[in-house]
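Next come the chains, spelled out residue by residue.
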Amino acid sequence: MVDRGRQVDETAELRSVGRVVIKIGSSSVTTEDGEVDTGTISELSSQIAELLERGTEVVVVTSGAIAAGLSALGRRADRPSDPAVLQAVSAVGQHRLMRTWQEGLAPHGILAGQVLLAPLDFTNRGQYLHARGTLAELLKLGVVPVVNENDAVADEEIRFGDNDRLGALVAHLVGADLFVILTDTAGLLSGDPRFSSETTLIEEVVEIDHELERIAGGPGTPEGSGGMLSKLAAAKIATWSGVETVIADARRPGVVAAAVARSRGVGTVLKARRARLPARKLWIAFALRASGTVVVDEGARRALVNDGRSLLPAGVVKVQGEFVADDAVEIAGTDGTTFAKGLVRMASARAAEWVGSRSGDLPEELSGAVVHRDDLVILR
Ligand code: GLU
């Protein structure tokens, strides 16, 4: 649902935000020559210092390691495609990026603390708690955590690949009040400005739906990896975690304070969902990679979506991919549209064997759910 005619919120200036996660994309922290943009980082650092002064805690999620590495190695013109080379390149760029952040914050007497995270840090509960503990300690020390994906060692197969999702998961991890995505456009636009002069800024989004995902479907810039669709996917994680999200232009003067105040026209404000998804369901929906798809019939789809039931073998039409019990799977209707995600209770071979069977006909050990309602998240 999109509300394009948002009114000025008179109370906006008074809103107090305890903790904010600010994500800045590669295209915003690098210059046209691919160098780390010291000017932008120093400007953002001043804005962050102002927030800290007002008692708001700030976590930065910054991209730019690969861009900075390519520029240092003189490889900007021929960006390598080999993931192993890009990982090595990130190692050259990450400390340069970090140094720029430290130099930006230092004049304000602020220390930056580097935290590099990989998807495994969100799927492994022990790692997750450690990461949360470290971030909490840094904030207690008055340090600004500066987070990036651990590009140099993250398993290429399961990398986040874009920092939008990482930022959203961090916002959830630290229990942020606000997630700000700073990018190189004014926010979410109603169309592609290259093709239409009618394009306007969508100022407020109450619920991320199909229409919005269609509008956002274009690719990103060469520097960044996350077009608008990836920003919207990230905003979905954050807003489903109960964290309001603002997408705004990194180069707009005073953007950080304006985003915190939700000043009119600052960018796109995406409202947090009232029904916060519990951490476990968020983890299933957004952190885990699906190993396969279970296609279900219309009756089962309705029972899952409308009645909050578990998925039984009788409703399964087809099983795609290979999985073992406790793996995450997507659940799709017969039209191929994924509408839920969950943890399966049986391996793909077993599930395929019993497709469509009534519970009474199944051997006792299989009479239960394919996906239990406690392990199931409806995605739309
Ligand atoms: N982690 C990557 C980097 O720092 C950026 C990923 C992205 O573009 O979001 O270069």
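Refer to the preceding data block for the structure.
Residues numbered from 1 in each chain as written. Predicted model: local features only at pLDDT ≥ 70, side-chain atom pairs only at ≥ 80, totals over all residues. Heavy atoms only, no water.

J.: Would you mind showing me how to read the overall build of the protein here?
T.: A tally of regular secondary structure across the protein gives 13 helices and 14 strands. Taken against the 2.2 N^0.38 rule, which gives 21 Å for 380 residues, the C-alpha radius of gyration of the protein at 22 Å falls within 12% of a compact globule. Across its three principal directions, the C-alpha atoms of the protein cover 70 × 50 × 45 Å. Taken across its 380 residues, the protein has 50% of its residues classed as buried. Long-range contacts, defined here as pairs at least 24 residues apart, represent 74% of the contacts in the protein between residues at least 6 apart. Just so you have it, the protein exposes about 17,300 Å², and 49% of that area is on carbon and sulfur atoms. Averaged over its 41 positive side-chain charges, the protein has a centre that lies 3 Å from the centre of its 51 negative ones. (Helix = DSSP H or I, 4+ residues; strand = E, 2+ residues; numbered from the N terminus. Rg over C-alpha atoms; globule rule 2.2 N^0.38 Å. Buried < 20%, exposed > 50% of the residue type's maximum accessible area, 1.4 Å probe, protein only. Contact = heavy atoms within 4.5 Å. Areas by Shrake-Rupley, 256 points an atom, 1.4 Å probe, with all protein chains shown as cover. Lys, Arg positive; Asp, Glu negative; His and termini not counted. Charge placed at Lys NZ, Arg CZ, Asp CG, Glu CD.)

J.: How do you make sense of the packing of aromatic side chains when you look at a structure like this?
T.: Any pair of aromatic rings gets described here by the distance separating the centres and the angle formed by the planes. Across all of its chains, the model carries 1 aromatic pair by this definition. With centroids separated by 6.3 Å and ring planes inclined at 70 degrees, the aromatic side chains of F122 and Y128 adopt a geometry described as edge-to-face. A relative accessible area of 4% places F122 in the buried class. Note that R301 overlies the ring of F339, its terminal NZ or CZ placed 5.9 Å from the centroid. (Phe/Tyr/Trp six-rings, centres within 6.5 Å; stacked < 30°, edge-to-face > 60°. Lys NZ or Arg CZ within 6 Å of the ring centre and 35° of its normal.)

J.: I tried to follow the site of the ligand on my own but got confused; where do I start?
T.: What surrounds the ligand is a group of 12 residues, the closest being A65, I66, N148, D151 and N163. Measuring from a nitrogen atom of the ligand, one finds a side-chain N or O atom of D151 at 2.8 Å. Calculation on the ligand without its partners gives an accessible area of 300 Å², and the protein chains cover 94% of this total. (Near = heavy atom within 4 Å. Polar contact = N/O pair within 3.5 Å; in protein donor to acceptor, adjacent residues only side chain to side chain.)

J.: Before we go on, may I ask you to explain the packing of helix α2 (residues 38–53) against helix α4 (residues 83–105) in this structure?
T.: Each pair of packed helices can be summarised by the angle the axes make with each other and by the distance between the axes. Across the interface, α2 lies against α4 with an axial gap of 8 Å and an inter-helix angle of 45 degrees. By the criterion of interaxial angle, the relationship of α2 to α4 is oblique. Relative to α4, the crossing made by α2 is right-handed. Taken together, the residues of α4 that come into contact with α2 (itself represented by T38, I41, S42, L44, S45 and I48) are L97, T100, W101, G104 and L105. Taken together, the residues of the contact of α2 with α4 sort by class into 6 nonpolar, 5 polar and no charged. (Axes fitted to C-alpha atoms, helices over the stretch in contact; angles between N-to-C directions. Parallel < 35°, antiparallel > 145°, perpendicular 65-115°, else oblique. Left-handed = near helix turned anticlockwise from the far one by under 90°. Nonpolar A, V, L, I, M, F, W, Y, C, P; charged D, E, K, R; others polar.)

J.: Can you walk me through the sheet that holds strand β11 (residues 316–321) in this structure?
T.: Taken in spatial order, the 5 strands line up as β11-β10-β12-β13-β14 in an open sheet, and their pairing is mixed. Of all strands in the sheet, those bounded by a partner on one side alone are β11 and β14 (371–378). In this sheet, neighbouring strand axes are inclined to one another by 30 degrees on average, regardless of whether the strands run parallel or antiparallel. Strand direction decides the pairing type here: strand β12 (residues 328–332) and strand β13 (residues 338–344), joined by 5 bridges, are antiparallel. The residue of β13 that forms the bridge with E330 is K341. The strands that helix α11 (residues 279–287) touches are β13 and β14; relative to β14, the one it contacts most, it runs at about 65 degrees. (Pairing = 2+ DSSP bridges.)

J.: Sorry if this is basic, but what is going on with helix α12 (residues 298–305) here?
T.: Residue pairs spaced three or four apart in an α-helix point in one direction, given the helix's 3.6 residues per turn. Taken together, the buried positions of α12 are A300, A303 and L304. Taken end-on, α12 shows its buried residues confined to a sector of 95 degrees, consistent with a single buried face. The inward-facing, buried residues of α12 contact β10 (290–296), β12, β13 and β14. At the N-terminal end of α12, a side-chain oxygen is found 3.3 Å from the backbone nitrogen of G299, two or three residues along, and the residue is D297. (Arc of directions from axis to C-beta.)

J.: Whenever I open this one, the nonpolar core confuses me. Can you help?
T.: Grouped burial of nonpolar side chains is what soluble globular proteins tend to show. By size, the foremost hydrophobic cluster in this structure holds 52 residues, and its most contacted members are V21, F122, V147, V170 and F179. Contributions of two or more residues to this core are made by β3 (57–62), β4 (112–117), α6 (125–140), α7 (163–173), β6 (178–183), α8 (210–215), α9 (228–240) and α11. Among the elements that make up this core, the one with the highest residue count is α9 (7 residues). Not counting residues within four places of it along the chain, the set of residues in contact with F179 comprises V21, K23, D164, G167, A168, A171, A234, A238, V243, E244, T245 and V246. Counting 35 residues, the second largest nonpolar core, distinct from the first, contains V20, V36, L44 and V246. (Core = buried A, V, L, I, M, F, W, Y, C linked by side-chain atoms within 4.5 Å.)

Taken by themselves, the reported measurements are silent on function.
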